[in-house]
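Notes for the structure review
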Amino acid sequence: MPLATSGEYLAKTFQGLEDTLAEELEQLGATNIKVRKRAVLFEADRETFYKANYLSRVALRFLRPVLNFRASSYEELYRKMYDVNWPDFLHYDQTFAISSVVNSRIFDHSRYTTLKTKDAIVDHFRERFRKRPFIETYQPDIRFHVHINDRNIRLYLDASGESLHKRGYRKDDTFPAPLSECLAAGMLLKAGWDGSKDFVDPMCGSGTLLIEAGMIARNIAAQRYRAYFSFHNWSDFQPKLWKKVKEDAIQNERLFEHVIKGFDYDQKALNAATTNLRGAGLRGYTELTLLDIVDMKPQKAPGFLMVNPPYGDNIKVDDIDLLYKQLGDMLKQKFNQWDAWVFTANLDALKNIGLKTSKRIPLFNGPKESRLCLYEMY
Ligand SMILES: C[S@@+](CC[C@H](N)C(=O)[O-])C[C@H]1O[C@@H](n2cnc3c(N)ncnc32)[C@H](O)[C@@H]1O
């Protein structure tokens with residue numbers, strides 16, 4: 001595969017976390033960083049690219065641009081795709097998948113775009129080798145993305161395969177409405193969480209914030225427990241360099257001197273949190289307690305609290321306004337001298353919290369406009 005040792009990449013993330021992703025990439029040594037909507041373009045040598053895949057907490061996916069051309073019909077798309085030297089990217093013994101995103105009057109069906117591209121690839125291999133690679137939708141060896149804007153066609157190689165929010169530690173995924181791991185980590189980084197205090201999530205659900213907070217505090221690589229990365233199947237993959245990146249990251253892990261506390265009034269949520277914390281090797285740093293927020297005891301300062309209360313749509317709540325009022329009362333009465341961050345997509349319910357907001361950070365939870373708000377309980 002003619003992939004140079006240094007190259008251009010595209011990292012995708014949540015809307016609102018682009019700057020956080022750009023900062024992560026800069027710290028890892030990426031250059032020529034350009035922030036786009038829900039994405040960051042950057043250049044990196046191979047080691048920096050491997051580090052970004054292993055360490056970035058907020059990237060959802062890394063893509064490598066391989067081709068850019070114009071076409072005005074599906075027929076032209078097929079012909080130009082057929083002419084690509086596919087063995088540069090894919091061997092006929094490997095499985096592959098294609099995802100297409102189209103924003104074009106001509107190419108108005110993403111499925112048909114995918115089908116035409118697949119036909120071009122398969123016909124190319126049949127013609128040259130009398131053998132063809134097969135489609136595999138679950139964990140294919142090689143995944144391509146086709147992005148079409150009007151007549152502009154871009155082809156990318158997907159380095160990640162499955163989205164990078166699948167970190168490998170979520171052993172119990174039965175809990176409804178967990179936060180995305182990337183979004184949780186992004187909120188913690190934006191809020192300046194560094195592991196120098198106790199951490200509390202009083203409505204912890206399946207434990208995503210507890211785990212991401214613990215991983216940041218202990219400097220555990222975001223992908224420490226993930227095995228599958230699509231770029232491991234690229235023909236220029238260097239296993240020794242990947243091993244070194246992983247070993248260096250493990251060397252950089254540190255101890256955490258404080259406690260991570262999770263509360264929830266639902267035993268099923270706590271069971272999921274227990275399993276997931278164990279999956280992340282963090283159970284020893286955490287205390288989980290079955291508790292309604294109205295029964296919270298005063299907590300010793302200083303400390304850092306982050307909570308993702310129900311929005312009222314995903315998890316059933318009898319009186320959502322009352323719940324947010326109770327949350328505000330709990331913060332005021334039981335978390336004196338703490339920094340408290342509340343993340344929600346229910347901006348109406350948030351008004352019932354009754355506390356002065358020190359910071360209000362706009363974020364998107366997928367399509368849902370959300371806020372991450374800081375309340376300084378001093
Ligand atoms: C949106 S979920 C949190 C999801 C969590 N961030 C995760 O990633 O899994 C909200 C949680 O608040 C809990 N909850 C709702 N009302 C509560 C109350 N009064 N006291 C304690 N927990 C409550 C629910 O059981 C649920 O687990």
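Just so you know, the residues in each chain are numbered from 1, in the order the chain's sequence is written. Confidence filtering applies because this is a predicted model: local features only for residues at pLDDT of at least 70, side-chain atom pairs given and counted only at 80 or more, and all residues used for totals across whole chains, interfaces and linings. Working from all heavy atoms in the structure, the side-chain values ignore hydrogens and water.

1. What about helix α7 (residues 239-251)?
An ideal rise of 1.5 Å per residue puts 18 Å on 13 residues; α7 measures up with 18 Å between its terminal C-alpha atoms. Working definition: with a 1.4 Å probe on protein chains only, accessible area under 20% of the residue-type maximum means buried, over 50% means exposed, and in between means partly exposed. What counts as a helix is a DSSP run of H or I of at least four residues, what counts as a strand is a run of E of at least two, and both are numbered from the N terminus. When we look at burial in α7, the residues that qualify are Leu241, Trp242, Val245 and Ala249. Take α7 and look down its axis: the buried residues cluster within an arc of 105°, on one side only. Exposed positions of α7 whose direction lies more than 90 degrees from the buried face are Pro239, Lys240 and Gln251. By this rule, a helix spans an expected 1.5 Å times one less than how many residues it contains. Here, the arc refers to the directions that run from the helix axis to the C-beta atoms.

2. Considerations on the environment of Pro310
Of note, Pro310 is situated in the loop between β12 (303-307) and α9 (320-334). Along the sequence, Pro310 and Ile320 sit 10 residues apart, while their C-alpha atoms lie 8.1 Å from each other. Should any heavy atoms of two residues lie within 4.5 Å, those residues are considered in contact. Residue contacts for Pro310: discarding those within four places in its chain leaves Met203, Ile315, Val317, Ile320, Leu323 and Tyr324.

3. Re the sheet that holds strand β14 (residues 359-365)
Pairing within the open sheet is mixed, and its 7 strands lie in the order β11-β10-β9-β12-β13-β15-β14. If you trace the sheet from one side to the other, it starts and ends with β11 (286-290) and β14, each paired once. For this sheet, the mean angle separating the axes of adjacent strands, direction not counted, is 20°. Two strands qualify as a pair provided DSSP detects at least 2 bridges between them. Taken together, the 5 bridges between β12 and strand β13 (residues 338-344) define a ladder with parallel strand orientation. The residue of β13 that forms the bridge with Phe304 is Asp339. The strands that helix α5 (residues 181-190) touches are β9 (198-201), β12, β13, β14 and β15 (368-376); relative to β14, the one it contacts most, it runs at about 165°. For every element, the axis is a line fit to its C-alpha atoms; helices are fit only across the contacting stretch, and the angle between N-to-C directions ranges from 0 to 180 degrees.

4. Let's talk about the domain arrangement of the protein
As assigned here, the protein comprises domain 1 (6-158) and domain 2 (181-219 + 238-376). Facing the 17 residues of domain 1 at the interface are 20 residues of domain 2. When two parts are brought into contact, each loses some accessible area as probed by a 1.4 Å sphere; the total of that loss over both is the buried area. In total, about 1,700 Å² of surface goes out of reach between domain 1 and domain 2, with carbon and sulfur atoms giving 70% of it. Three residues, Tyr50, Tyr54 and Arg57, lead the burial of domain 1 against domain 2; their summed loss comes to 41% of the area buried on that side. Whenever Lys or Arg places a side-chain nitrogen within 4 Å of a carboxyl oxygen from Asp or Glu, that contact is recorded as a salt bridge. The tally of links from domain 1 across to domain 2 stands at 1 salt bridge. Residue Glu47 is joined to Lys244 by a salt bridge in which the shortest nitrogen-to-oxygen separation is 3.1 Å. Residues adjacent in sequence count toward polar contacts only when both atoms are side-chain atoms; beyond that, a polar contact is any pair of N or O atoms within 3.5 Å, and within protein one must be able to donate a hydrogen and the other to accept it. Our count for the contact surface shared by domain 1 and domain 2 stands at 4 residue pairs in polar contact (both at pLDDT 80 or more). Listing elements by their share of the side of domain 1 that touches domain 2, those giving two or more residues are α1 (18-27) and α2 (46-55). Broken down by element, the side of domain 1 that touches domain 2 gets its largest block of residues, 7 residues, from α2. All residues other than Ala, Val, Leu, Ile, Met, Phe, Trp, Tyr, Cys, Pro, Asp, Glu, Lys and Arg, Gly among them, are scored as polar; the first ten of these are nonpolar and the last four charged. Tallied by class, the residues present in the side of domain 1 that touches domain 2 amount to 8 nonpolar, 4 polar and 5 charged. Residue ranges assigned to the domains are those given by an automatic or database domain assignment.

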